[in-house]
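A closer look at the structure
This is what each chain is made of:
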Amino acid sequence: MYSNRTHSLRIASRGTRAWILVVLTVAVIPSAAVAQSAQEAYATANTLILNQRWSEARAAMIKYAQDYPGTDRADDAGFYSCYAVDQMASAPAEAFECYSRFVADHSRSNYVDDAKGGMVRLARLLSETGQPEYQSRIRELERGDDEDVALAALYALQNLGDDTALETILSVYDRSSSERIRGRIVYMLADFEGEDIIPRLKDIALTDGSPSVRKNAVYAIGNHDHQTEAAAALADIMTSDADMGVRKAAVHALGNQDGAGMVGMLADVARTGEPELGKAAVYALGNVDSREALDALQAVIAGGGSVDVRKAALYAMSNNESSASIPFLANLAKTSDSADLAKAATYALGNFDAPAASTALLAIVSEARSSDVRKAALYAIGNLGSSDALAKLIDIATNANDAELQKAAVYAISNVGGGEASRSLIVLFRTATSIEVKKAIIHSIGNQGDSGARVFLVQVAKGDPDPDIAKTAVYAVGNLIEGDDPSVLMEILSDSKHSDVRRAALHAIGNFGSPAALDLLDQIATSDPDIEQRRAATFALGNIDSDRAVDALVRIIENDSSTRVRTAAVQALGNIGSDKAKAALLKILEGGDD
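Definitions and cut-offs
- Residues numbered from 1 in each chain as written.
- Predicted model: local features only at pLDDT ≥ 70, side-chain atom pairs only at ≥ 80, totals over all residues.
- Heavy atoms only, no water.
- Disulfide = S-S within 2.5 Å.
- Helix = DSSP H or I, 4+ residues; strand = E, 2+ residues; numbered from the N terminus.
- Buried < 20%, exposed > 50% of the residue type's maximum accessible area, 1.4 Å probe, protein only.
- Phe/Tyr/Trp six-rings, centres within 6.5 Å; stacked < 30°, edge-to-face > 60°.
- Contact = heavy atoms within 4.5 Å.
- Polar contact = N/O pair within 3.5 Å; in protein donor to acceptor, adjacent residues only side chain to side chain.
- pLDDT = per-residue confidence, 0-100.
- 1 Å grid on protein atoms, 1.4 Å probe; cavity = no way out; pocket = protein on both sides within 12 Å on 5 of 7 lines; lining within 4 Å.
- Points joined across faces, edges and corners; volume = space filled by probe spheres on them.
- Nonpolar A, V, L, I, M, F, W, Y, C, P; charged D, E, K, R; others polar.
- Core = buried A, V, L, I, M, F, W, Y, C linked by side-chain atoms within 4.5 Å.
- Salt bridge = Lys/Arg side-chain N within 4 Å of Asp/Glu carboxyl O.

1. As for the state of the cysteines
Within this structure, the stated rule accounts for 1 disulfide. Residue Cys82 pairs covalently with Cys98 via a disulfide, S to S 2.0 Å. Every disulfide takes its handedness from the sign of the S-S torsion; for Cys82 and Cys98 that torsion is -75 degrees, giving left-handed. Separated by 16 residues along the polypeptide, Cys82 in helix α3 (residues 74-88) and Cys98 in helix α4 (residues 92-105) bring together distant segments of the chain. On the basis of relative accessible area, Cys82 is assigned to the buried category, the value being 2%.

This is how it looks when you write it as structure tokens:
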């Protein structure tokens, strides 16, 4: 068995890599004495490795593997016996064969990749000393179906980092049919120097048969240290006839470059490219924290290109977080002939956490050409949560001659929050004339959650002469109540003169599911002379998931004189959906008594 532990810490040594071992707890084996003995044996062998006493370490690791084959250190010992031979540097062929046997015998070990990497390195060494058959064996592995072997070989070659390694890696790319291997190779190429690397990656980005490999090549170009050449290659890919995914990848990669001219390239694509590419370009510009990028975005917005690209540029400007763009956005929101662009500019202003943005939005409410833009400004003000804007919002909610604008101001006041906002909403309710504005105020008061809001809403639910307003207040009260006490709703049910309001209270009570709520609903559903009231209580019972509710509904089905009420009880059983409710429904379908 093999553990998933992190098994080594690597350091450079003798032009290769050495491992510093970390002693971990040995897995539990049947005998505590044997476990202790195994732990001590491994610790001794481990110390020999740390002290670079390779011959003794090899013998100790071999003995451990023979004496304790059932422990989870057996594969560790097998690997380090090979590693010790490798470090002695006098028997590379023996070390190669040892690694080869280890890979065959311990295919699930965490050390397999290290062993394969050692094989690749040793094969190259042996080939250079006149034994090419070892390099041939590695090539056979690379050509085989074992992608993990090929990848291990690639990692080892990448670590060598010389021209011969690069040549070999490129030859593997040329002959590989594996998308996974080719994708890994293009990432490796970003770590190599040389004037041919970026052109080769560019060619792969334009010609490889796999979309994911092509995009990997683009990102590898973006990660290369030669930024001037990389930026030029990315610009060529952007303007090529490659598929859109690759071209967009080039745009994103270019946005991460610091080279001169990068902003201009992106701006050109945003102004003249296809809309999808243009949007990618402006988002890339939005990630560049410079005045040049901000000016470029403004130029794109002021131009006559795609509306979608210009809107994207507006949102990208808000990501820039520079307050220098606030005047530009405010002017666009107030003067643009395009309502879409004006709204986008308004919402972009709402992303700025700055007093200047709040001031600009208030001006838009007064000066924008479109009612939709003015409403957008109100919503944006609310999202900013600025108490400084409260007086202006109250004025609009009170005096605007557009009910939709008044509602938007009400919701903005609600988002400002706090005691002053809550008190202002109550005052607004008492002066409002529009039913829809009053409903908006009630919803907003219900979101405040303070005790004054609850008292006010109960009063409205009990006594407002308009049933629609009172019903809205009932549902707002239901959202404010915490716990399982529906007593406030029971008061509304008892005191209200409107049947619609009482039914709304019944529905709200049903959402509690407490024993007191169930008792009240059961009583009304079985004894109230008003059919609609009984029906409402019956539906409310369907919101209580309990066997008692099922029993009450079965009695209603058996005894109520109204078909409408009995039908409501059947539907309520379906809403509960418990095993007992299903059994009751099946009994009804089967036709009655056992």
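2. A closer look at the packing of aromatic side chains
In this structure the tally under the stated criterion is 11 aromatic pairs. Between the aromatic rings of Trp54 and Tyr83, the centroid separation amounts to 5.8 Å while the plane-to-plane angle is 85 degrees, which identifies the pairing as edge-to-face. Of the two residues, Trp54 sits in helix α2 (residues 54-67) while Tyr83 sits in helix α3, which places them 29 residues apart along the sequence. Like Trp54, the residue Tyr83 is buried in the burial classification.

3. Focus: the side chain of Thr538
Tracing the backbone shows Thr538 in helix α31 (residues 531-541). Judged by its relative accessible area of 0%, Thr538 is buried. Those residues in contact with Thr538 that sit more than four places away from it in its chain are Ala525, Leu553, Ile556, Val565, Ala568, Ala569 and Ala572.

4. Topic: helix α9 (residues 179-189)
What sets the pattern is the α-helix's 3.6 residues per turn: residues three or four places apart point alike. Inspection of α9 places Ile181, Arg182, Gly183, Ile185, Val186, Met188 and Leu189 among the buried residues, and these make up the whole buried set. At the N-terminal end of α9, a side-chain oxygen is found 3.3 Å from the backbone nitrogen of Arg180, two or three residues along, and the residue is Ser178.

5. Considering the confidence of the model for the protein
Within the protein, residue pLDDT values average 82, and 87% of them lie at 70 or more. Contacts of residues 1-30 to residues separated by more than four positions or lying in other chains number 69 contacts, the stretch itself having pLDDT below 50.

6. A word on the layout of surface pockets
Within this model, the second largest pocket holds a volume of roughly 260 Å³. Forming the walls of the second largest pocket are 16 residues, and the residues nearest its centre are Gly78, Ser81, Cys82, Cys98 and Arg101. Secondary-structure elements contributing two or more residues to the lining of the second largest pocket are α2, α3 and α4. Across the lining of the second largest pocket, the residue classes break down as 8 nonpolar, 4 polar and 4 charged.

7. Quick word on the nonpolar core
Formed by 158 residues in total, the largest nonpolar core has its most connected members in Leu189, Val218, Leu266, Ile441, Val474, Leu489 and Ile492. Apart from the residues within four sequence positions on either side, Leu489 is in contact with Val474, Val477, Gly478, Ile481, Ala505, Ala508, Ile509 and Phe512.

8. Let's talk about unusual backbone geometry
In this structure, Gln52 takes a positive phi of about 60 degrees despite not being glycine. Along the chain, the position of Gln52 falls in the loop between α1 (32-50) and α2. Phi is positive for Ala89, close to 65 degrees, though the residue is something other than glycine. Examined against the element boundaries, Ala89 turns out to sit in the loop between α3 and α4. According to the relative accessible area criterion, Ala89 is exposed, its value standing at 52%.

9. Topic: the pattern of salt bridges
This structure, assessed with the given rule, holds 27 salt bridges. Salt-bridge contacts for Lys248 lead to Glu276; the nearest nitrogen and oxygen are separated by 3.4 Å. Taken together, the positions of Lys248 in helix α13 (residues 244-255) and Glu276 in helix α15 (residues 275-286) put the pair 28 residues apart, joining distant regions of the chain. Look at Lys248 and you get partly exposed, because its relative accessible area is 25%. With a closest N to O distance of 3.5 Å, Lys334 and Glu367 form a salt bridge. Highlighted residues: Lys334 in helix α18 (residues 326-335) and Glu367 in helix α20 (residues 355-367), separated in sequence by 33 residues. You can call Lys334 partly exposed: its relative accessible area is 21%. Taking relative accessible area as the criterion, Glu367 reaches 48% and is therefore assigned partly exposed. Through salt bridges that share partners, Lys248, Glu276 and Lys279 make up one connected network.

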